[in-house]
Amino acid sequence: MSPRSTNPGGASRVRRRALLGTAVLVVLVALAGLAAYVTRDSRTSSKVPTTQVSSASLSSPTGSASASSRPHGRRGDLPVPPSTHDPIAFGKAAAAALWSYDTRAYSQRELLTALRGWLTSEKKYVDTASVDALVPSRVLWKEMAANGQFATAKVNEAHFPDSFTQALQADPGAITTAYVYAVTVSGKQSIAWNGSSHGGAESRVTTLAVQCRPSQPCALAGVLSAVAP
């Protein structure tokens, strides 16, 4: 698999990542559970309902509508966020968008711009850097484009992390400050290039922070620095 670009954060990125983690953690009555995942350094790889989370949603973590890959050889379109208040459905779509790219169809800058269109406009809670870091750098993109490289994603499952679900059930009102939820998504990313019918593939899993305020569709707040099971 092609290496991902790194985006040095500095102090401002650390503060923004901390705010994102806090937005998720504020939902939790027992902070220790998810805090261990949000604050530790681990692999990166990875927006919940409105004011009310139904018991059906919590007991059926797979949610609705799965995302699947495009056929090999077909040029992909830039990702467009769905208009939904379902955090699981949005999380699946967001993960598929983050795991996909097509150097044959658009530029690196166009992909960055498209992915930023998925983000919440609330600067207090958005972590743009965590999304940008998943896009190959301009230099790497140019090299990949020379070979017509593209990646497709297949999402298998999405759910609320156990610690998040338990805390939300214990205190549903805690979510009403930021309306930011944790959604863990698993699936597979497949990579191919010009002249290849099959390329490399690997399993992917990530935890997304999704904001779903009652008055507007879900939006992505960022990608947590570690996976919350």
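Up top is the structure.
To continue, consider the environment of leucine 134. Secondary-structure assignment places leucine 134 in the loop between α6 (128-132) and α7 (138-146). Residues leucine 134 and leucine 112, 22 residues apart in the sequence, show an inter-C-alpha distance of 9.5 Å.

For α7, every residue scored as buried is listed here: Leu140, Trp141 and Met144. Projected down its long axis, α7 carries its buried residues within an arc of 100 degrees, all on one side. Among the exposed residues of α7, those pointing more than 90 degrees away from its buried face are Arg138, Val139, Lys142 and Ala146. In this structure, the buried side of α7 is in contact with β1 (101-102) and α5 (108-116). Just beyond α7, the residue with positive phi is glycine 148, at close to 65 degrees.

The subject of this paragraph is the side chain of glutamine 189. Relative to the elements of secondary structure, glutamine 189 occurs in strand β3 (residues 180-192). For glutamine 189, a relative accessible area of 1% corresponds to the buried category. At a separation of 3.3 Å, a polar atom in the side chain of glutamine 189 contacts the side chain of arginine 204.

Once that is clear, we can look at the nonpolar core. If you look at the biggest cluster of nonpolar residues, it comprises 42 residues, and the most contacted ones within it are Leu98, Tyr101, Val185, Leu208, Val210 and Leu220. Among the elements of the structure, α4 (87-98), α5, α7, β2 (150-159), α8 (162-170), β3, β4 (201-211) and β5 (219-223) are those that each provide at least two residues to this core. No other element matches the seven residues that α4 contributes to this core.

What follows concerns the packing of aromatic side chains. Aromatic rings in a pair are described by how distant their centres are and how their planes are angled relative to each other. Per the counting criterion, the structure on display carries five aromatic pairs. Across the ring face of phenylalanine 150, the terminal group of arginine 104 is positioned such that the distance to the ring centre comes to 3.8 Å.

Let us now look at the pattern of salt bridges. Scanning the entire structure with this criterion turns up three salt bridges. For arginine 116, the salt bridge goes to aspartate 132, with nearest N and O atoms at 2.6 Å. Residue arginine 116 is found in helix α5, and its partner aspartate 132 is found in helix α6; the two are separated by 16 residues along the sequence. Classification of aspartate 132 as buried rests on a relative accessible area of 11%. Note that glutamate 122 is salt-bridged to arginine 213, the shortest N-O span being 2.5 Å. Of this pair, glutamate 122 sits in the loop between α5 and α6 while arginine 213 sits in the loop between β4 and β5; the two residues are 91 residues apart in sequence, bridging distant segments of the chain. We classify arginine 213 as buried; its relative accessible area is 18%.

As summarised here, the arrangement of the five strands in space is β1-β2-β3-β4-β5, forming an open sheet in which the pairing is antiparallel. Each having just a single partner strand, β1 and β5 make up the two edges of the open sheet. With nine bridges joining them, β2 and β3 adopt antiparallel strand pairing. Bridging across to β3, alanine 153 finds its partner in glutamine 189.

Here we come to unusual backbone geometry. A negative phi holds for most residues other than glycine; trans holds for most peptide bonds. Positive phi, close to 55 degrees, is recorded for tyrosine 179, a residue that is not glycine. Counting through the fold element by element, tyrosine 179 comes out in the loop between α8 and β3. Accessibility expressed as a relative area gives 10% for tyrosine 179, which makes it buried.

The rules behind the values
- Residues numbered from 1 in each chain as written.
- Predicted model: local features only at pLDDT ≥ 70, side-chain atom pairs only at ≥ 80, totals over all residues.
- Heavy atoms only, no water.
- Helix = DSSP H or I, 4+ residues; strand = E, 2+ residues; numbered from the N terminus.
- Buried < 20%, exposed > 50% of the residue type's maximum accessible area, 1.4 Å probe, protein only.
- Arc of directions from axis to C-beta.
- Contact = heavy atoms within 4.5 Å.
- Polar contact = N/O pair within 3.5 Å; in protein donor to acceptor, adjacent residues only side chain to side chain.
- Core = buried A, V, L, I, M, F, W, Y, C linked by side-chain atoms within 4.5 Å.
- Phe/Tyr/Trp six-rings, centres within 6.5 Å; stacked < 30°, edge-to-face > 60°.
- Lys NZ or Arg CZ within 6 Å of the ring centre and 35° of its normal.
- Salt bridge = Lys/Arg side-chain N within 4 Å of Asp/Glu carboxyl O.
- Pairing = 2+ DSSP bridges.

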